[in-house]
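The chain contents come next:
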Amino acid sequence: MDSNEKKAIIGFQNGDPDAFAALYDAYVSRIYSFIYFKTHHRETAEDLTSKTFMKALDGLESFDAKKGSFSNWLYSIARNNVIDFYRIRKSEYDINDIWDLSSSDDVERDIEAKQKLEKIEKYLRKLKSEHREIIILRVWNEMSYKEISEIVGKSEASCKMIFSRSLKELKKEMPLPLLLYFILLRL
Amino acid sequence: MDKKIQKILEDIYDIDESMRAREAEIAKIVEELIRSKPIAKIDDDFVRRLRSELLLRASGRETKIAVQSNFSIFGAGSKLVYSFMGAMIAVILLVPIFFYRADLSPRRLAIEEGNNGRTALNASVTKISDNAFGSFLPGDIQKAGPSGLGVGGGGGSATGNATGDAAQKQAGMPIYETTNYRYVYKGRDIASLSDNVEVYARVKNDTLRRDLADTFKGANMALLDMNKFENLNVNSVSFSEDRDFGYEVNLSPLDGSTNIYMNWLKWPDPYAPCAQAGCPESMYLKLADIPEDAEILSIADDFLETYGINVSSYGKGSVLRNFLDQYPRPLEAQADIFIPDSISVLYPLKIEGKNVYDSSGEPDGIFVDVSIRYKKVSGARNIYYQNFQSSGYAAETDAKSIIAYAEKGGLYGEYVYENATKTQDVELGDPSLELVKIWRYDNDKRMGEEFYVPSFIFPILNKPEGFFYRKNVVVPAVKEMLGNASDISSADK
């Protein structure tokens, strides 16, 4: 854990409310992106980001760094908030994020995100939730495997393995015309 | 090949060297993944707002109320919740949530005892970057707040009409006397002007609004399915006490305000017998019925304390007897003085120790109405969430410009008749620099926003007789609010 992060947590636990601001500043954009890539909707992402930090604030006093990293803890709160958000609305399914819903499901999405994801969306949907998360953290959130391993609670090596296998899966799933399209684009 | 893609591929080859043979295909997939990345740009306003809310909450975390965990009853499987029970629980939850978030919680106040056992919660002010509230150009400033406070105030505008003279003459009607007022500064030189002032804005608590909405969202209400509504926010909720002399409480998370009124159904109606034969003279209140200030203040103070309304950001209460100003003295000699049923006590708001005034230059704060007839509080208004942000703005440093603006009527200007029958000078005294509540209309959000702007309040020294209600002229100290003082003409106002 970053030493400034540690200091901020200890400071907060010792009664300095402003210490939370340092943690917030360090993580707010990252948490928002993490949630946005699971919801594709700005208002929803803002709402869940707020809830994540509110819950973190309420729980930080009893947070124990020996049991895990702060980032793992914070991202877990964010992930659970996303899960809760969709499960409340679609209680009949086992849903982790918007990727587990079919594209025809009646959920709010930003048009821009929908357009951007047009080509790749259905292939990403076929991946296991955990595998998809690692791909997104690596490619969209641009995190190192070390950071990813802290967030998903796996070793760096197994994150790398999952990433590699997921790409293989994608390669298998993507139809030849689409791959040709990519290759033509590259020429 | 892009370095980012190259790095991703190298990581893959570390795991599975055989993938190298498929580099072209894999690289294209990665490339497409990158290309498909949705834009997740976080809104700066949201970041600032949430930061303020969190810091406020952090500063008061010792009295957490376990609200979040209660929400789960509306979570997964919520459709099984009996709708009636859901609604009732939701209502029970709303009060603590609001009061906790609004820093008015009696529980919290009980912990933070201050002077003489009174509650002592401090307002929070978060300093943010300069000019953070956007521009305050003259065209953006609303000429009146939503409550209508401080509107105009001069010139007999209730009946005057600049173009009506000719029509009146033609109709043979007597010409209505119209007066133009000319403001003349009679004070001393204004010195020691600062080149920067802090403007304050109340932080809106949008999280609270969504949390409250979520309380209902999971519940399948008896009349409709709340789940079908999207992006719900709670703007206001009302509660009423079912008891004699009970109250109605209106919470408005939209603007962070609370107002308390008498529940009309539970208070006696002294005028009920009047419907048949008119009110007997004995029913009307008399000057002697008004209690002494000490008694009125004691009733108001007790009410605030009983209901845990925090007044630590406010000055001491004072009884507003200004409704008597219109009567000649001595008051005891006047036969027809109308005494209202209630008299107000004002607890003036202070932000960082500075007094706050409304846009007409009158003190602003919590108003507690005390029923003269029943010696009970009949209402409390203007109770606001005290979480502010402050941002620096360039101030007007030219005293001549400030005086010129004041002489043109200040913030709300002065209506000028084309063919006024007379002109009267209104003298302005030495100004004081205070915080004044000013509204700006945000075209994008399509709503007004409230700001507390350092402003010069010029007292009117010689109030003209007749329809002239102003007591002050207000001039904002923020330079851009004044525009170009030389361009200000009465016609613009």
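Residues numbered from 1 in each chain as written. Chains lettered and ligands numbered in written order. Predicted model: local features only at pLDDT ≥ 70, side-chain atom pairs only at ≥ 80, totals over all residues.

A. Just the overall build of chain B, in detail. Across its full length, chain B carries twelve helices and 17 strands. The contacts in chain B between residues at least 6 apart in sequence include a share of 71% that link residues at least 24 apart. (Helix = DSSP H or I, 4+ residues; strand = E, 2+ residues; numbered from the N terminus. Contact = placed C-beta atoms within 7 Å.)

B. Expanded view of the overall build of chain A. Of the regular secondary structure elements, chain A holds ten helices and zero strands. The linear arrangement of helices and strands in chain A, starting from the amino end, is α-α-α-α-α-α-α-α-α-α. Buried residues in chain A amount to 40% of all 187 residues. Look at the contacts in chain A between residues 6 or more apart in sequence, and 60% of them connect residues 24 or more apart. (Buried ≥ 20, exposed ≤ 12 C-beta atoms within 10 Å, placed from the backbone.)

C. Inspection of unusual backbone geometry at higher detail. All names here are of chain B. One non-glycine residue, asparagine 131, lies in positive phi territory at about 55°. A positive phi angle is found at phenylalanine 245, which is not glycine, with a value near 55°. Relative to the assigned elements, phenylalanine 245 resides in the loop between strand S4 (237-240) and strand S5 (247-252). The exposure class of phenylalanine 245 is partly exposed, given the 15 C-beta atoms found within 10 Å.

D. Looking closely at helix H1 (residues 3-13) of chain A. Residues and elements named next belong to chain A. Along H1, the positions that sit buried rather than exposed are Ala8, Ile9 and Phe12. The buried residues of H1 occupy an angular sector of 95° when projected down its axis, which confines them to one face. Opposite its buried face, H1 presents the exposed residues Ser3, Lys6, Lys7 and Ile10, each directed more than 90 degrees away. Positive phi appears at glycine 15, one or two residues downstream of H1, with a value of about 105°. (Arc of directions from axis to C-beta.)

E. Spatial organisation of the nonpolar core. Grouped together as the largest cluster of nonpolar side chains are 64 residues, with contacts concentrated most on Val368, Ala406, Val475 and Val478 of chain B. With six residues, strand S16 (residues 447-459) of chain B is the single largest residue contributor to this core. In contact with alanine 406 of chain B, not counting residues within four places along its chain, are Tyr183, Tyr185, Leu428, Phe458, Val473 and Val475 of chain B. Phe12, Tyr24 and Tyr32 of chain A together with Ala40 of chain B belong to the second-largest nonpolar core, a separate cluster that totals 52 residues. (Core = buried A, V, L, I, M, F, W, Y, C linked by C-beta atoms within 7 Å.)

F. Geometry of the sheet that holds strand S8 (residues 342-348) of chain B. Residue and element names in this part refer to chain B. Taking strand neighbours across the sheet as the criterion, the seven strands line up as S4-S5-S6-S12-S11-S8-S7 in an open arrangement whose pairing is antiparallel. Both edges of this open sheet fall to S4 and strand S7 (318-320), since each of them pairs with a single strand only. Direction aside, neighbouring strands of the sheet carry axes that sit 20° apart on average. Sheet topology note: the S7/S8 ladder contains three bridges and is antiparallel. Counted as the bridge partner of serine 318 is leucine 346 from S8. Its contacts with the sheet place helix H10 (residues 293-306) against S7, S8, strand S11 (365-371) and strand S12 (376-384), and it is angled at close to 115° to S11. (Pairing = 2+ DSSP bridges. Axes fitted to C-alpha atoms, helices over the stretch in contact; angles between N-to-C directions.)

G. Expanded view of the confidence of the model for chain B. Residue and element names in this part refer to chain B. Of the residues in chain B, 74% have a pLDDT of 70 or more, and the chain-wide mean is 74. Per-element confidence in chain B ranges from a low mean pLDDT of 30 for helix H6 (residues 106-111) to a high of 96 for H10. When the criterion is pLDDT under 50, residues 62-121 qualifies, and its contacts beyond four places in sequence or with other chains add up to 99 contacts. Low pLDDT (under 50) marks residues 485-493, which in the prediction has 13 contacts with non-local residues, meaning those over four places away or in another chain. Among the prediction metrics, the complex's ipTM stands at 0.76, with pTM recorded as 0.55. (pLDDT = per-residue confidence, 0-100.)

H. Looking closely at the pairing of strand S6 (residues 257-262) of chain B. Residue and element names in this part refer to chain B. Only one face of S6 is covered, namely the one carrying Thr258, Ile260 and Met262; the face carrying Ser257, Asn259 and Tyr261 has none of its residues buried. Both S5 and S6 contribute to a ladder of six bridges, which runs antiparallel. Residue leucine 251 lies in a different strand from S6, and its bridge partner there is threonine 258. Here S5 folds back onto S6 in antiparallel fashion, the turn holding four residues, of which glycine 256 has a positive phi close to 70°. Bridge analysis of S6 against S12 gives four bridges, and the strand direction is antiparallel. Opposite isoleucine 260, over in S12, you have alanine 380 as the bridge partner.

I. Summary view of the packing of H1 of chain A against helix H2 (residues 19-39) of chain A. Residue and element names in this part refer to chain A. Between H1 and H2, whose axes approach to 7 Å, the crossing angle comes to 140°. Accordingly, the angle class assigned to the pair H1 and H2 is oblique. Remark: the crossing between H1 and H2 carries left-handed chirality. Of the residues in H2, those in contact with Asn4, Glu5, Ala8, Gly11 and Phe12 of H1 are Ala19, Phe20, Ala22, Leu23 and Ala26. A per-class count over the contact of H1 with H2 returns seven nonpolar, two polar and one charged. (Parallel < 35°, antiparallel > 145°, perpendicular 65-115°, else oblique. Left-handed = near helix turned anticlockwise from the far one by under 90°. Nonpolar A, V, L, I, M, F, W, Y, C, P; charged D, E, K, R; others polar.)

J. Seen up close, the pairing of S8 of chain B. All names here are of chain B. In terms of burial, S8 is largely enclosed, as five of its seven residues are buried. Both S8 and S11 contribute to a ladder of seven bridges, which runs antiparallel. Bridge pairing in S11 links serine 344 to aspartate 369.

K. Up close: helix H2 (residues 23-35) of chain B. Here H2 of chain B is 13 residues long and its end C-alpha atoms lie 18 Å apart, about the 18 Å a rise of 1.5 Å per residue gives. Of the positions making up H2 of chain B, those classed as buried are Ile26, Lys28, Ile29, Val30, Glu32 and Leu33 of chain B. (Expected span 1.5 Å × (residues − 1).)

L. Expanded view of the environment of isoleucine 403 of chain B. Residues and elements named next belong to chain B. The topology assignment puts isoleucine 403 in helix H11 (residues 399-407). With 22 C-beta atoms counted inside 10 Å, the residue isoleucine 403 sits in the buried group. Measuring from C-alpha to C-alpha, the distance between isoleucine 403 and tyrosine 185 comes to 6.9 Å, with 218 residues separating the pair along the chain.

M. Molecular detail of the packing of helix H7 (residues 129-139) of chain A against helix H8 (residues 145-152) of chain A. Residues and elements named next belong to chain A. Running from N to C, H7 and H8 cross one another at 140°; their axes reach a closest spacing of 10 Å. By crossing handedness, the relation of H7 to H8 is classed as right-handed. Each of Glu130, Glu133, Ile134, Leu137 and Arg138 in H7 lies in contact with H8, whose residues at this interface are Ile148, Ile151 and Val152. Of the residues assigned to the contact of H7 with H8, the class counts are five nonpolar, no polar and three charged.

N. Structural detail: the environment of valine 474 of chain B. Residues and elements named next belong to chain B. Its location among the elements puts valine 474 in strand S17 (residues 472-476). Considered as a pair, valine 474 and aspartate 358 are 116 residues apart in the sequence and their alpha carbons are 9.7 Å apart. The contact partners of valine 474, leaving out residues within four places of it in the chain, are Ser359, Gly361, Gly410, Leu411, Val436, Ser455 and Ile457.

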